[in-house]
Amino acid sequence: MISARWLYCLVLLLATESCRLFCQAASKSKENVMPRPHDVCDGVCKNNASPCFQSCPPNSEGNMKFACKAKRWHKVTETCHTLNAHSIFEEDKELYSVQSSESTIRTHMFNSGLKTITDTLMEKCPKDLSCVIRGIEKSPRIPGNIAVVVQLLHNISTTLTKGVDEEKMQSYSAMANHILNSKSISNWTFIQDRNSSCVLLQSINSFASNLFMKGHLINISHVFIHTLGTVVPRNSLGKNFTFSMRVNDTSDKVTGRILLTTEELQKVPSAFQVISIAFPTLGAILEASLLENMTVNGLVLSVILPKELKNISLIFEKIRKSGERKSQCVGWHSLESRWDRRACKMIQENSRQAICRCQPNKFFTSFSILMSPNTVESPVLTYITYIGLGISICSLIICLAIEALVWSQVTKTEISYLRHLCIANIAVTLLMADVWFIVASFLSGPIVHHNGCVTATFFVHFFYLSVFFWMLAKALLILYGILIVFHTLPKSCLVASLFTVGYGCPLVIAVITLAVTEPGKGYLRPEACWLNWDMTKALLAFVVPALAIVVVNLITVTLVIIKTQRAAVGSSMFQEVRAIVRICKNIAILTPLLGLTWGFGIATVVAGHSLAFHIIFSLLNALQGFFILLFGTILDPKIREALKSRVTSVKWISRVSEDLSSEFSCHPTKGPS
């Protein structure tokens, strides 16, 4: 009887428990299949609409903020997170479920702030900080979780200012490695605090600076953060740290190297420790979170050094290997949260790597290379440049040939002689400039052919300046003839003055530019044989004189137009005034064309992303020779008349030769019988 009762109770208990479990499963199933409510931040919106907020998916806390852009809702920030005290300390989950009252108290304590999580971490595993690694690594890399880990790492670095050993550094790096994963880069864009990536970099460097080594090499390697540390003895013969890491799961490895020279090491009075950290993805994370438009093109390398070391050398392999895109050596300014070029100097560069000399201090401990976004890469530009230069060179050769052919006929008066002297020298100088430009483009760059690049750049600078100064000489000639008296000086003096302006002034400017900038290696650009802009602004030695001459010539044309309107038709100066007007027309056509060319050159700097400006600049610049042939020679009526007379005389001579030849063939001379 008792046994039957026990059996009945057992069956009833099992049925009750089964019903409870079935109801729970049904409830959970109903919760899982519950349709998601319609997103209020979807669809069309008005541009002046207020920000829209949307709740996070189930099992996460926080919200998502959307802003109306181009009449569509776009996510701006996201605070959704699953990491909290309940999940980050995974080993305590069973304890929470059993001790419900204690769990409520502790959960309230944990949710009061991240500082509490740090305090609990210090209590649970102060020796190696490992009790949170599993919980962090299992969490999804959503923006809110990334922000939680960043704040946790920051709190750890400010709490632990001493006693940091290899075990703690290993755990700290594992936490950082999780949020530095290449798959999380896009999520950094939506973190509410834009400075989170800066806080992360500063926290890692601060924590590493407190690392104490016991004399052996430390090598803590994760996929997205690698730490090397060693103690350098006194009088060491140089030291280097080499890193080789993947930017993502599929890319090839990219290397970075830190070099400490013997000369620098001699400045430290005793043995010291050096800690270096490499990050393959942090550059892209900084770019994404800060919305920067400068692309980091190498590893980010941090170094912890004694203050006596003022200079280090860094070798960066480029992630995107391109000879067309120039690089900049930079240091991360910890106070201003930005990349700063003042911290480093480019030593050498080619398409694969860049060598930088940097000056670490309390503000600069992290370094990398940036790839400029303003360079437009297009094969169309290359084709336009070389085809256009070919047309320009052929046009200039034809121009000089025509000038030589009709020289004696079109230079009978003094003013026409001086005019054609200017045209011929403009053609010669532009021809030489184009030839040297092609020579410079075939050199592989300043790194391999430094002396050749210096020579080519000097002559390109000199001859292009000469083109503009000969145009200025034409303008001064006009002013002299119109405003003063044309025949007060002998022709030899005028010719000497024109050559002084046309060749002397450019030579002085080119020589001074070379002498001032080349000793400091600031004459050339790192990536091409042309005047430097980033370091010394040597390019201004060409741009400023050229554009100033364009302005002067346009003012000259205006003055001549005003002056010649008053000239009487019956005056004795009428013939010379007509000649001067022809020169004025020539300058009025050529000056805007040549000036417009370099005006579009400035536009390519201001609007560097516009391919249209680059194409127009390359087209106009490459066809300058054709413009000179067309407007300076072919459209000149005097030259056309001279050519016609030359062609007529050639035909007449040819006809006479044919007549004589036929006469001779009809009456051959008889020899002696």
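You'll find the chain entered in an unreviewed UniProt entry as Adhesion G protein-coupled receptor F2, with Rattus norvegicus given as the organism. The heading Sequence similarities (unreviewed entry) in the UniProt record of the chain holds the text "Belongs to the G-protein coupled receptor 2 family. Adhesion G-protein coupled receptor (ADGR) subfamily." According to UniProt, the comment filed for the chain under the heading Subcellular location (unreviewed entry) is "Membrane".

Further remarks concern the overall build of the chain. Within the chain one finds 20 helices and 16 strands. With 673 residues in all, the chain has 45% of them scored as buried. Of the contacts made within the chain by residues no fewer than 6 positions apart, 70% connect residues no fewer than 24 positions apart.

In the case of a regular strand, side chains alternate between the two sheet surfaces. Side chains Cys52 and Gln54 project from strand E1 (residues 52-55) onto a buried face, and the interleaved Phe53 and Ser55 project onto a face without burial. Where E1 and strand E2 (residues 63-69) come together, four bridges link them in antiparallel fashion. Each bridged residue has a counterpart across the sheet, and for Phe53 the counterpart in E2 is Lys65.

Before going further, it helps to spend a moment on the state of the cysteines. Counting across every chain of the model gives seven disulfides. Here Cys45 is linked by a disulfide to Cys68, with a sulfur-sulfur distance of 2.0 Å. Across the S-S bond of Cys45 and Cys68 the torsion is about 95 degrees, and the bridge reads as right-handed. Of this pair, Cys45 sits in the loop between helix H1 (2-33) and E1 while Cys68 is found in strand E2, placing the two residues 23 residues apart along the sequence.

In this section: the UniProt feature "transmembrane region" (unreviewed entry) in the chain. With numbering matched to this structure, UniProt assigns "transmembrane region" (unreviewed entry) to residues 383-406, 418-443, 463-486, 493-516, 539-562, 583-605 and 611-635. Along residues 383-406 the backbone is 100% helical and 0% strand, and the end-to-end C-alpha distance reaches 35 Å. The annotated region residues 418-443 carries 96% helix and 0% strand content, and the separation between its end C-alpha atoms amounts to 38 Å.

Below, the discussion takes up the sheet that holds strand E3 (residues 72-78). With antiparallel pairing, three strands are arranged side by side in an open sheet as E1-E2-E3. Edge positions in the sheet fall to E1 and E3, since each of these pairs with one other strand and no more. The sheet shows a mean angle of 35 degrees between the axes of neighbouring strands, taken without regard to direction.

On to the pattern of salt bridges, then. Enumeration over the complete set of coordinates arrives at nine salt bridges. Of the charged contacts, one joins Glu78 and Lys75 as a salt bridge, the two residues approaching to 2.7 Å between their closest N and O atoms. The class of Glu78 is buried, set by a relative accessible area of 8%. Assessed through its relative accessible area of 29%, Lys75 is described here as partly exposed. Put simply, Arg342 and Asp340 hold a salt bridge, and the shortest N to O gap is 2.6 Å.

A few words now on unusual backbone geometry. Its identity as a non-glycine residue notwithstanding, Ser337 has a phi of 55 degrees, on the positive side. Even without a glycine there, the phi angle at Lys537 is positive, about 60 degrees. Here Lys537 lies in the loop between helix H15 (491-517) and helix H16 (540-564). Given the relative accessible area of 33%, Lys537 is considered partly exposed.

The next subject is the side chain of Thr411. In this structure, Thr411 sits in the loop between helix H12 (379-410) and helix H13 (414-442). In this structure the side chain of Thr411 is engaged in a polar contact, spanning 2.5 Å, whose partner is the backbone oxygen of Trp407.

Let us now look at the packing of H13 against H15. As a packed pair, H13 and H15 sit with axes 11 Å apart at the nearest point and diverge in direction by 25 degrees. Between H13 and H15, the angle falls in the class roughly parallel. Relative to H15, the crossing made by H13 is right-handed. Judged by residue contacts, Glu414, Tyr417, Leu418, Leu421, Cys422, Asn425 and Thr429 of H13 engage Lys491, Leu494, Val495, Leu498, Phe499 and Tyr503 from H15. By residue class, the composition of the contact of H13 with H15 is nine nonpolar, two polar and two charged.

This part is about the nonpolar core. Core analysis: the biggest nonpolar cluster contains 54 residues, and Leu121, Ile156, Leu180 and Phe279 have the highest contact counts within it. Ranked by residue count, the leading element in this core is helix H7 (residues 143-159), at seven residues. Residues contacting Ile156, with those up to four places away along its chain left out, are Thr118, Leu121, Leu129, Tyr172, Met175 and Phe207. One finds Ile426, Phe458, Ile628 and Ile639 within the second-largest nonpolar core, a separate group that totals 53 residues.

Parameters at a glance
- Residues numbered from 1 in each chain as written.
- Predicted model: local features only at pLDDT ≥ 70, side-chain atom pairs only at ≥ 80, totals over all residues.
- Heavy atoms only, no water.
- UniProt positions renumbered as here; feature names shortened; annotations may be inferred.
- Helix = DSSP H or I, 4+ residues; strand = E, 2+ residues; numbered from the N terminus.
- Buried < 20%, exposed > 50% of the residue type's maximum accessible area, 1.4 Å probe, protein only.
- Contact = heavy atoms within 4.5 Å.
- Pairing = 2+ DSSP bridges.
- Disulfide = S-S within 2.5 Å.
- Axes fitted to C-alpha atoms, helices over the stretch in contact; angles between N-to-C directions.
- Salt bridge = Lys/Arg side-chain N within 4 Å of Asp/Glu carboxyl O.
- Polar contact = N/O pair within 3.5 Å; in protein donor to acceptor, adjacent residues only side chain to side chain.
- Parallel < 35°, antiparallel > 145°, perpendicular 65-115°, else oblique.
- Left-handed = near helix turned anticlockwise from the far one by under 90°.
- Nonpolar A, V, L, I, M, F, W, Y, C, P; charged D, E, K, R; others polar.
- Core = buried A, V, L, I, M, F, W, Y, C linked by side-chain atoms within 4.5 Å.

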